[in-house]
Amino acid sequence: MPTIAPSAAAKRAPAAADSTAMTPVSGGPAAGAAGLPESAHIQYVLRLADNALVLGQRLSQWCGHGPLLEEDIALTNIALDQIGQARLLLSHAGQLEGRGRDEDTLAYLRDEPDFRNWTLLELPNGVGAHDDYAIVIARNLIFSALQVPLWDALTRSGDAGLAAIAAKSIKEARSHLRHAGDWLVRLGDGTDESHARAQAALERLWPYTNELWAVDPVEQAVAAAGIGPLTSDLRPAWNATVDAVLASATLKRPADGAFISSGKLGVHSEHMGFLLAEMQSLARAHPGAKW
Amino acid sequence: MASAPSAPPATSLLERARARVAQIPDPEIPVVTLLDLGILRDVRMEGERLVVTLTPTYTGCPATQVIAQEVRDVLAADGLRDAEVRLTLSPPWTTDWITDEGRDKLRAYGIAPPARVDPTACPIGGARAGTSARATGAPHPPVEAVLRFVPQAIACPQCGSTSVERLSEYGSTPCKALYRCLDCREPFDYFKPY
C-alpha cells in the first residue's frame, strides 16, 4: 500500500482560526507515514462508525433501483438507519479525539487508509457490472446477525456515550436482521435460479467473514478496558443465527478459508476508492458548503 | 432587571414555554405532538437560559433536525431567542412512550398505533442476559420467532378488523410499515414498535 508522504499534510497551511472548513484531509496530525496516532478506543469507535457508513453508502446505491418498490424503500430505510448510526458514532469519535473533527470532516475528508470498515461492507452490490440482490441480502444477514449481539454487548460498554448509541442501534439492527432473514429464506428456498444466486452470493462473501473474528491489538485493548467485546466472542451467537437462517433457506454454509481481509486496519479492496470518490466528491469540491 | 419580582414571571415563562413546545406537531405525522410522541424529555431553566431536551426516534430520522428547528422557531416567536435544544440518546426512545392520547390520534388519522414493545419479543441468539457476550451455551429461540417476520394482532384503523396482511416492513417513513386490511381492503400504515 502506498505510504502517505507526511510532507503533504505538513505543508498545508494550518488554516489559522477557521479550523472546521480546512482540516487536514488525512488521519494523523502530521504524524509519521505509518503512525496511527489515534488511541485504540478512537480506532474502535471509528471501525463501528465506518462499518455503518460504508454499508449505508452501498445500500443507498439501490435507491431507485430496488427490484420492487417495497424493497427500494426497505433498503433506503435501512441505509438511513446505518447513516444515522454512523453520524452518532463519527461525532462520538470526533469528541474522543478532541481535535475538532466533526462527523462531516470524518466522513468526507478522510482518505482511504484512514477508513476502518470491514472489507466485506465495501464490496460492490453485485459481481462485475451486474447488481445482484442476493449479494445485498446475504451481506445484510452476515452483518446484522453480528450487529445484534455486538450492540447488545456494547450497551454494557464502559464508554457511556457508546453504550447509549448501542441501546438505540440494537433496535434498528434487529429489524435489519429480520428483513435479511426473511429475504434470504425467500431467495434460498425459492426458485432454482434464486437458490443458485443466493448460494453464489454466500460463497462470494464468505471469505470476507474471517476479518470479523480476527483479533488485533485494537480489539484487545478495548476489551481489556471494558469498552467493547472481542468480536470473536460473539461468533457462537452469530453462528447460531446464521446457521438457523441458512437451514431454513436450504442454503449450504460455505467452508471457512485462510484469507483474512484487512479493511479494519485501513488496507482496503480495490473497490473502496471508487466508493469514497462517489461519497466524498461533493464535499471535497465545495469545502464547507452548507445547504 | 435582576430584582425580586422577576421570580414569578420566570416560572410562568417556563410553564408557557413548556406548553408551547409540547403542542408542536411532528413534521411527518402532524396530528401528534412532540408530547404525544414522547420525544420531549425535559424543559427547564438553566440560569437565565431555557433548555429543551429532545430524544431522537430513529438514529437516522430526518425529522429530528426539523423538530429541533421548530422548537427554536416557536420559542423565538414567543420572545425566547436564546433557548437551547439538546438531544439526548439515553434512555433510548421507545414507542411505548407514545401517550394513549397520541395512540388515539394516530388511529383517527389512519395509522395503526404500535403494539407495546415486549422486551422478550426480539431475543437475540442467546446473548441477552449477563454481562458477557459469550452466548455459547444459551438456548436459542426458534428461528421463526427471531429472524423472520411473525404476524401480529394489528387492528385496521379504518374498520378495526385484525384480518390484515403486511405489504412491506418498511413504509413511507422509517417508523412505519405498510399493511392492508383484508376485510375493508384499505391499505394503512402501521407504526412499528421500536
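Since we're looking at a predicted model, the values are computed, not measured.

Analysis parameters
Position numbers for residues count from 1 along each chain, tracking the sequence in the order it is written. The order in which chains are written sets their letters, starting at A; the order in which ligands are written sets their numbers, starting at 1. Thresholds applied to this predicted model are a pLDDT of at least 70 for local features of residues and 80 or more for the giving and counting of side-chain atom pairs; totals over whole chains, interfaces and linings are not thresholded and use all residues. The way it works is that DSSP assigns letters per residue, a run of H or I at least four long becomes a helix, a run of E at least two long becomes a strand, and they are numbered from the N terminus. Any residue surrounded by 20 or more other C-beta atoms within 10 Å of its C-beta is treated as buried, while 12 or fewer makes it exposed and the intermediate range makes it partly exposed; C-beta atoms here are placed from the backbone. Residue pairs are scored as contacts if the distance between their C-beta atoms, which are placed from the backbone, is within 7 Å. Here, any two strands with at least 2 DSSP bridges between them count as paired. What counts as an axis is a line fitted to C-alpha atoms, over the stretch in contact for a helix, and the angles between N-to-C directions run from 0 to 180 degrees. Geometric relationships in this document are graded by angle, where less than 35 degrees denotes roughly parallel, more than 145 denotes roughly antiparallel, 65 to 115 denotes roughly perpendicular, and other angles denote oblique. Gly is put with the polar residues, along with every residue not named as nonpolar or charged; the nonpolar set is Ala, Val, Leu, Ile, Met, Phe, Trp, Tyr, Cys and Pro, and the charged set is Asp, Glu, Lys and Arg. By definition here, a helix of n residues has an expected span of 1.5 Å times n minus one. Where each domain begins and ends follows an automated or database-derived domain assignment. For this entry, the nonpolar core is defined as buried Ala, Val, Leu, Ile, Met, Phe, Trp, Tyr and Cys residues connected by C-beta atoms within 7 Å. A score between 0 and 100, pLDDT records how confident the predictor is in each residue. The sense of a crossing depends on the near helix, which, turned anticlockwise from the far helix by less than a right angle, makes the crossing left-handed and, turned clockwise, makes it right-handed.

A. Examining the overall build of chain A more closely. Helix and strand counts for chain A stand at 12 helices and 2 strands. For chain A, the sequential pattern of α-helices and β-strands runs α-α-α-α-α-β-β-α-α-α-α-α-α-α. Looking at the 291 residues of chain A, the share that counts as buried comes to 50%. Look at the contacts in chain A between residues 6 or more apart in sequence, and 75% of them connect residues 24 or more apart.

B. Expanded view of the overall build of chain B. Of regular secondary structure, chain B possesses 5 helices and 7 strands. The N-to-C order of helical and strand elements in chain B reads α-α-β-β-α-β-α-β-α-β-β-β. A separation threshold of at least 6 residues defines the contact pool for chain B, and within that pool the share at least 24 residues apart is 51%.

C. Representation of the sheet that holds strand β6 (residues 176-181) of chain B. Pairing in this open sheet of 4 strands is mixed, and the strands run β4-β7-β6-β5 (chain B) from one edge to the other. Strands with a single pairing partner mark the edges of an open sheet, and in this sheet they are β4 (111-112) and β5 (164-168) of chain B.

D. Representation of the packing of helix α2 (residues 40-60) of chain A against helix α10 (residues 217-224) of chain A within the structure. Residue and element names in this part refer to chain A. The N-to-C vectors of α2 and α10 enclose an angle of 110 degrees; their axes lie 9 Å apart at closest approach. Here α2 is positioned roughly perpendicular relative to α10, judged by the angle of their axes. Between α2 and α10, the residues in contact are A40, H41, Q43 and Y44 and P217, V218, A221 and V222, respectively. Here the residues of the contact of α2 with α10 sort into 6 nonpolar, 2 polar and no charged.

E. Quick peek at α2 of chain A. In a regular helix each residue adds 1.5 Å, so 21 residues correspond to 30 Å; α2 of chain A covers 30 Å between its end C-alpha atoms and thus fits that length. Of all 21 residues in α2 of chain A, 20 are buried; the element is thus mostly enclosed.

F. Highlighting the interface of chain B and chain A. Across the contact, 30 residues belong to chain B and 39 residues belong to chain A. Grouping the constituent residues of the side of chain B that touches chain A by class yields 16 nonpolar, 10 polar and 4 charged.

G. Representation of the sheet that holds strand β2 (residues 49-54) of chain B. Residue and element names in this part refer to chain B. Spatially, the 3 strands line up as an open sheet ordered β1-β2-β3, and their pairing is mixed. Each edge of the open sheet is held by one strand with a lone partner, namely β1 (40-46) and β3 (84-87). Within the sheet, the average angular offset between the axes of one strand and its neighbour, ignoring direction, is 20 degrees. Direction of pairing for β2 relative to β3: parallel, over a ladder of 4 bridges. Each bridged residue has a counterpart across the sheet, and for L54 the counterpart in β3 is L87. Of the strands in this sheet, β2 and β3 are in contact with helix α3 (residues 63-77), which crosses β2 at around 150 degrees.

H. Layout of unusual backbone geometry. The peptide bond linking S90 of chain B to P91 of chain B adopts the cis configuration, its omega dihedral lying at -5 degrees. Looking at the secondary structure, you find P91 of chain B in the loop between β3 and α4 (100-109). One non-glycine residue with positive phi stands out, namely T250 of chain A, at about 55 degrees. Assignment of secondary structure puts T250 of chain A in the loop between α11 (235-248) and α12 (272-285).

I. Spotlight on the domain arrangement of chain B. Taken domain by domain, chain B consists of domain 1 (7-93) and domain 2 (112-120 + 144-191). The C-alpha-based centres of domain 1 of chain B and domain 2 of chain B are spaced at 30 Å.

J. The nonpolar core, seen in detail. Counting 117 residues, the largest nonpolar core has A49, L89, I137, A138 and L184 of chain A as the members making the most contacts within it. For this core, the two domains that each supply at least three residues are domain 1 (7-93) and domain 2 (112-120 + 144-191) of chain B. If sequence neighbours within four positions are ignored, L89 of chain A has contacts with V45, L48, A49, A52 and I165 of chain A.

K. The arrangement of the environment of G66 of chain A in detail. All names here are of chain A. Within the secondary structure, G66 is located in the loop between α2 and α3 (69-97). For the pair G66 and L89, spaced 23 residues apart in sequence, the C-alpha separation works out to 28 Å. Contacts of G66, omitting those with residues within four sequence positions, involve E71, D72 and L75.

L. Fine view of the environment of L147 of chain B. Structurally, L147 of chain B can be placed in the loop between α5 (143-146) and β5. By C-beta crowding, L147 of chain B is classed as buried, having 27 other C-beta atoms within 10 Å. Excluding its chain neighbours within four sequence positions, the residues that come into contact with L147 of chain B are L177, R178, G181, T241, A244 and V245 of chain A.

M. Representation of the confidence of the model for chain A within the structure. When pLDDT is averaged along chain A, the result is 87, and 87% of the positions lie at 70 or above. Counted against residues more than four places away or in other chains, residues 1-37 of chain A, with its pLDDT under 50, gives 38 contacts.

N. Focus on the packing of helix α6 (residues 133-154) of chain A against helix α7 (residues 160-188) of chain A. All names here are of chain A. Relative orientation of the contacting elements α6 and α7 amounts to 150 degrees, with a least axis distance of 7 Å. Along this stretch, α6 crosses α7, giving a crossing that reads as left-handed. A breakdown of the residues in the contact of α6 with α7 according to their chemical character gives 18 nonpolar, 6 polar and 2 charged.

O. The arrangement of the confidence of the model for chain B in detail. Residue and element names in this part refer to chain B. Across chain B, the average pLDDT comes to 81, with 79% of residues at 70 or higher. When pLDDT is averaged over each helix and strand of chain B, the minimum, 52, is found for α5 and the maximum, 96, for β4. The low-confidence segment residues 1-7, where pLDDT is below 50, has 1 contact with residues more than four positions distant or belonging to other chains. Across residues 120-143, confidence stays below pLDDT 50; counting only partners more than four residues off in sequence or on other chains, it has 45 contacts. This prediction of the complex comes with two scores: 0.84 for pTM and 0.79 for ipTM.

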